[in-house]
Amino acid sequence: MAGLEEYRPIVGEGVVAELRLLGERLSGRSILNVNSTRVGGGVAEILNRLVPLLQEVGVDARWEVIRGTQEFFDLTKRMHNALHGKPDIFSAQDREIFNHATEQNLASLDLGADIVFIHDPQPAGLIRAKRDLSNKWIWRCHIDVSAPAPGAWEFIAPAVEKYDLTVFSAPQFSRELPVPEVLIAPSIDPLSDKNRELRDSEVEEVLKRIGVRSDKPIVTQVSRFDRFKDPIGVIDAFRLARERVDCQLILVGGGATDDPEGAQVLREVRERAADDNDIHIVDLPPTSNVEINAIQRASTVVIQKSLKEGFGLTVSEALWKGKPVIAGAVGGIPLQITHKYSGILTHTVEGTAFWIKMLLAAPEFAAKLGENGREHVRNNFLLTRHMRDYLLAFLYLETPHERVVEL
Amino acid sequence: MASTAQHTADSFEFRSLLNLTLLTGLRARDLAELVQHMRTVPGAVIYHHTHHFLVQHQFLSPEPPNDFAYWVSNILLEERLGEELAAVDLLRFPTLRDLRNALIQVIQGFLDRSSNLRTAPHGGEFHFMESVSYVMPTSVHATNLAEFREGLARVSLSSIAYHMFDARLRLERADNDFSRWLEHSLGEGQLAEAFRKVDPYTYTWDGLRRRLLGMVGQKLEENSRGRA
């Protein structure tokens, strides 16, 4: 696994030095991360990388995972959906299931650390241990809780309001709380298989494998086959643009096999594409990181035409590869793209088609957007910035009322 | 407030500043709400919205202006007012209080002339945020102009930004750190004045570094010619 020094050529000497200095200031402090899964999902992916890097700069970081019955995880999945706004009703029995799992984890986990860093709602109830431990607690919310279904927020609010600090990914995902809230965006790892530099031969090999020739411009969308990602709208926009500029479309998705709705969307996408030889639909398993990396690198323009979105880190992945990106102005996407500076924000099929044409016809402008986008990601959405913000959040707990702190 | 004692005798110690962003929970949907909050929020909020673009978009050219101008132009679509807010010259104001008053004055002038206010669409509200700033030493220091040039080339861009933007406005030192040191410790009054005249808000950060390095390089050449 990559050490901090390997990030130096990417982010510069100054950034690495700052991380080491922040680490020195927190040297010996113990930080315990707790989430609900060791593998799969963005949180586990980030913790896998961050915990060793925190240790490398001198922070005594560790990571624990809560356990629970299927019943508990079914409940937390419902909670997750309800916090996103899907209507649900939580009964006294649900509360009992949640409390029971919390009690069992309180009994088995060693929560003795200077700072306990809880990720997402599943382990939020562990805050009960704070009373006896007298340490500091941070709740990191990775989801949008701004418009939950009635009753959903109330389910976890009593726990969340006991934390010393809360962390949200975007201002519009947060809600008013009686405890301090900080903004820390998620990040991509430039050294992971999904984002590392690839040799031309690796890119060509992947294109060959999926049956795509690079003899005309490639327009790509990478995302699950999900209605909120509007793959049908992407096909329609592509076809409108192709009337004026010759190009081909790759729709890359995955995970449709175990998701009935995804499978249905994939069927609809195939139907809409019909026998159009310029449209390539690629259904990949979730582990296809190098393949996705190669397809993004082979693309002339990348689309993320979401109608509803979480943070939408696929945008940063494409920008990091220097690609001009056209994306829906939803969720966290406007934080990653400033319209006409570091990408293009659109709202309609027609607007998306217009900008596909424009970017294919004006490669210098497209290249400038890609270049600006890459630098914007370098400064704001790489793992090193994420690590820096976490270190600053840990320091914040020591002087929560100061606004200028001399280290 | 951070200590101002950063020069020891003739040495210039490069420092760096990192910001953590706090959400205040305050939101504005129209200009009346915007200006109402702008009057009462802490200075760290005004600082955040006039400076974080510089951090987050430090390579963009041309750079987006401050958050208030960006929101007014791109979300409320009040382009004339947005332009006026973008044109507020941050260098003219010695303190955040003065800057806040100037921004409020521009918006209040518009409100006094307008009867109908546009409302931001759902999801496009202005979110007030606040910067918590951490000032850190770097291991880089200079005791003469040649070492200063070397340091300027080596330190992170946030260090240059700290000495050029933050020292003056956030820490209210009245002058940028570089000019003060060049003038008072090295006796390079002319170069100090040239640094003062640079409007750091109009450059990308990398462009700013190149501009400053160019001026120092030229001065070093002049000095060496003078000695020869």
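Residues numbered from 1 in each chain as written. Chains lettered and ligands numbered in written order. Predicted model: local features only at pLDDT ≥ 70, side-chain atom pairs only at ≥ 80, totals over all residues.

Participant: Summarise the domain arrangement of chain A; cite the residues concerned and give the values.
Facilitator: Residues and elements named next belong to chain A. Partitioning chain A into domains gives domain 1 (4-187 + 382-396) and domain 2 (200-380). Of note, the centres of domain 1 and domain 2, computed from C-alpha atoms alone, are 31 Å apart. Of the residues contributing to the side of domain 1 that touches domain 2, the split by class is six nonpolar, one polar and two charged. (Domains from an automatic or database assignment. Nonpolar A, V, L, I, M, F, W, Y, C, P; charged D, E, K, R; others polar.)

Participant: Which residues make up the interface of chain B and chain A, and what are the values?
Facilitator: The figure often quoted for interface size is the accessible area lost as the parts come together. Counting from both sides, the interface comprises 31 residues of chain B and, opposite them, 35 residues of chain A. Of all the secondary-structure elements, those providing two or more residues to the side of chain B that touches chain A are β2 (11-28), α2 (43-56) and β3 (126-142) of chain B. Per element, the largest residue contribution to the side of chain B that touches chain A is eight residues, and it comes from β3 of chain B. Considering only residue class, the side of chain B that touches chain A consists of 16 nonpolar, 13 polar and two charged. (Contact = placed C-beta atoms within 7 Å. Helix = DSSP H or I, 4+ residues; strand = E, 2+ residues; numbered from the N terminus.)

Participant: How would you summarise the pairing of strand β2 (residues 60-65) of chain A if you had to cite specific residues and measurements?
Facilitator: Residue and element names in this part refer to chain A. By the bridge criterion, six bridges tie strand β1 (residues 30-35) to β2 in an arrangement that is parallel. Following the sheet pairing, Ser30 is matched in β2 by Asp60. Once the chain exits β1 it traverses helix α3 (residues 42-56) before rejoining the sheet at β2, and the crossover so formed is right-handed. (Pairing = 2+ DSSP bridges. Right-handed = clockwise from strand over helix to strand, strands pointing away.)

Participant: Residue-level account of helix α7 (residues 152-160) of chain A, with values.
Facilitator: Residues that lie three or four places apart on an α-helix share one face, since the helix turns once every 3.6 residues. All names here are of chain A. By the burial criterion, the buried members of α7 are Ala152, Phe155, Ile156, Ala159 and Val160. Axial view of α7: buried residues confined to an arc of 115 degrees, hence all on one face. α7 presents Glu154 and Pro158 as exposed residues on the side facing more than 90 degrees away from its buried surface. Tucked into the core, α7 has its buried residues touching α4 (70-83), β4 (136-141) and β5 (165-168). (Buried ≥ 20, exposed ≤ 12 C-beta atoms within 10 Å, placed from the backbone. Arc of directions from axis to C-beta.)

Participant: Can you tell me about the sheet that holds strand β11 (residues 325-328) of chain A, naming the residues and giving the values?
Facilitator: Residues and elements named next belong to chain A. Taken together, the six strands give an open sheet; going across it, the order is β9-β8-β7-β10-β11-β12, and neighbouring strands pair in parallel fashion. Across the chains shown, the open sheet's two edge strands, defined by having one partner strand only, are β9 (279-284) and β12 (344-346). The average undirected angle you get between the axes of adjacent strands in this sheet is 20 degrees. Helix α9 (residues 231-242) contacts β7 (218-222), β8 (248-254), β9 and β10 (301-304) of the sheet and is inclined by roughly 170 degrees relative to β8. Contacts between helix α11 (residues 289-298) and the sheet are confined to β7, β8, β9 and β10, with β7 contributing the most and set at about 145 degrees to the helix. (Axes fitted to C-alpha atoms, helices over the stretch in contact; angles between N-to-C directions.)

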